[in-house]
Amino acid sequence: MDSYLVNGKNPLNGSVSIHGAKNSVLPILAGTILVKGKSVIRNCPNLSDVFATARILEHLGCVVSWEDSVMTVDATDITETKIPESLMQEMRSSVLFLGALIARTGEATISCPGGCELGPRPIDLHVKSLKRLGVTFEEDGDNIRCKARQMYGRKIMLDFPSVGATENAMLAACSAKGNTIICNAAREPEIVDLQGFLRSMGAKVWGAGSNTILIEGGHLLHAGEYSVMPDRIVTATYMSAVAAATGEVELIGGDLQTIAPVAATLIEAGCQIQSDRKKICIESKFPLKGVRPIYTAPYPGFPTDAQPIVMSALACGVGSTVFIESIFTNRYSQVDSLRRMGAAIQVDGKKAHVNGNPFLKGAQLEAYDLRGGAALIVAALSAEGESEITGLQFIDRGYEKLEENLQFLGADIKRIKSEAEVNALFDLDVVKALGG
Ligand code: UD1
């Protein structure tokens, strides 16, 4: 497995472009199977989760092509309705294929989805909403088989504004007969982006961004193009990296409105942030001060995905801050590694008490999930000496060209290829040299 070697204490300066949002592109790509024709998806990030989604689409019979950041999915013929366990286990958002496949073919079989281990992640809300539309579910060992000869539009009341369940219901409702109203819907910007995609392809969807979404079902979707929104969590990551390491950076394409609670926290901690419609500028000169308690909540609250990353920035500051993680039960995976660097963090159930220490030291660190892994990079950038970070397979799920961008901003970060990979490359070179 690859690792990062980071030597901290270099200020970050310059500008970096924010790539397309992982959490938008995944439901959008699942949605391409509703289109009997070609969907051209622009600003599509090159991420391992996107590659995994492309493999699922190909398995289902789609023809997928990719050039730079444009992915084209031709879903004219869907030849398969079962997604094998090997593909499902690669990431949790594969569960979104449930709503999309049922909408397109009337049936779907999946196994329990994979993804980052953030505590128990049930799919009961997905199942409940699809059942409201008339989908029947059958469990067969580890597989879930669903069928619906005809779905009917209904009122769906979500017990919690789950992002994935809202997206699944939106996708399925596009082909239901009549109108569907999703109440207590998630309001995340990625839901608005999914609505934007569906509307570009001819679907009738309104209300995304509010807690009530209306879908007029039964309209055939047509070929079209859509450009994915910039990734707000990647934006928050670079902002936190600058906040921790100091410097002045422009984030081209960053949208401050989508990440307002993170910006407000970093301003309260001492950063200066400005933005216009094209970019966000952040400047950090001093170690961060402690801030009021940070309570993660569904949008427009503080995003749970930004919690570990902002925690790292505050852990190398000078004040104390309390975090309350209310969305996931296992979201402090970064804490042990941060403590190894000298961070003073106490976890007590959902709460984490952080006492800033501006003298963190480089250490051996391991990522256990995507954002927890990004948090380790943020801390390593501000620490004295060298850190080695392993577990990059998690970080690769959500960040494109991370080390190149950070190097460009002045960070001392290198990706070290694993021995096995180097040997494989060496063998390939030897074979080539021998004319093989
Ligand atoms: C999405 C994001 C993820 C983010 C999360 C919360 C994608 C690909 N992933 O995940 O990065 O951290 O939103 O903003 O967009 N829940 C249930 N039953 C369900 C579904 C969810 O109890 O059927 C619970 C979950 O266990 C969790 C909470 O609801 O505690 C939030 O989950 P949800 O909003 O569904 O997150 P995801 O869509 O999985």
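It should be noted that the structure appears before, not after, this text.
Below or above, wherever it landed, is the structure these notes cover.

Rules used throughout
- Residues numbered from 1 in each chain as written.
- Predicted model: local features only at pLDDT ≥ 70, side-chain atom pairs only at ≥ 80, totals over all residues.
- Heavy atoms only, no water.
- Near = heavy atom within 4 Å.
- Polar contact = N/O pair within 3.5 Å; in protein donor to acceptor, adjacent residues only side chain to side chain.
- Areas by Shrake-Rupley, 256 points an atom, 1.4 Å probe, with all protein chains shown as cover.
- Helix = DSSP H or I, 4+ residues; strand = E, 2+ residues; numbered from the N terminus.
- Nonpolar A, V, L, I, M, F, W, Y, C, P; charged D, E, K, R; others polar.
- Domains from an automatic or database assignment.
- Pairing = 2+ DSSP bridges.
- Axes fitted to C-alpha atoms, helices over the stretch in contact; angles between N-to-C directions.
- Contact = heavy atoms within 4.5 Å.
- Buried < 20%, exposed > 50% of the residue type's maximum accessible area, 1.4 Å probe, protein only.
- 1 Å grid on protein atoms, 1.4 Å probe; cavity = no way out; pocket = protein on both sides within 12 Å on 5 of 7 lines; lining within 4 Å.
- Points joined across faces, edges and corners; volume = space filled by probe spheres on them.

So, about the site of the ligand. Residues in contact with the ligand amount to 19 residues; listed here are only the nearest, Asp124, Leu125, Ser162, Asp305 and Ile327. For the ligand, an oxygen atom lies 2.8 Å from a polar atom in the backbone of Gly164. Alone, the ligand offers 740 Å² of accessible surface; in the complex the protein occludes 85% of this. Of all the secondary structure elements, the ones that give two or more residues to the shell around the ligand are α5 (124–132) and α6 (163–173). Element by element, the count of residues in the shell around the ligand is highest for α5, at 3 residues. Per-class residue counts for the shell around the ligand are 8 nonpolar, 6 polar and 5 charged. The residue makeup of the shell around the ligand includes at least three contributed by each of domain 1 (3–19 + 230–421) and domain 2 (22–227).

Strand order across the open sheet formed by 3 strands is β6-β8-β7, with antiparallel pairing between neighbours. Strand pairing shows two members of the sheet lacking a second neighbour, β6 (107–111) and β7 (136–140), which therefore form its edges. Within the sheet, the average angular offset between the axes of one strand and its neighbour, ignoring direction, is 20°. By the bridge criterion, 5 bridges tie β6 to strand β8 (residues 143–147) in an arrangement that is antiparallel. From the neighbouring strand, Glu107 faces β8, where its bridge partner is Lys147. Along the sheet face, helix α4 (residues 96–105) touches β6, β7 and β8 and points at about 155° away from the line of β6.

Of the two faces of strand β12 (residues 212–216), only one is covered, namely that formed by Ile213 and Ile215; the face formed by Thr212, Leu214 and Glu216 stays uncovered. Here strand β11 (residues 204–206) pairs with β12 via 3 bridges, running antiparallel. Residue pairing across strands places Lys204 opposite Glu216, the latter belonging to β12.

Glancing now at empty space enclosed by the protein. For the structure on display, the rule yields 2 cavities of 30 Å³ or more. Taken as a whole, the largest cavity holds about 40 Å³ of empty space. As for the largest cavity, its lining consists of Ala21, Lys22, Asn23, Glu190, Asp231, Arg232, Ile233 and Arg371. For the lining of the largest cavity, the residue count by class is 2 nonpolar, 1 polar and 5 charged. Estimates place the volume of the second largest cavity at around 30 Å³. Lining of the second largest cavity is provided by Thr237, Tyr238, Ala241, Ile377, Val378, Leu402 and Leu406.

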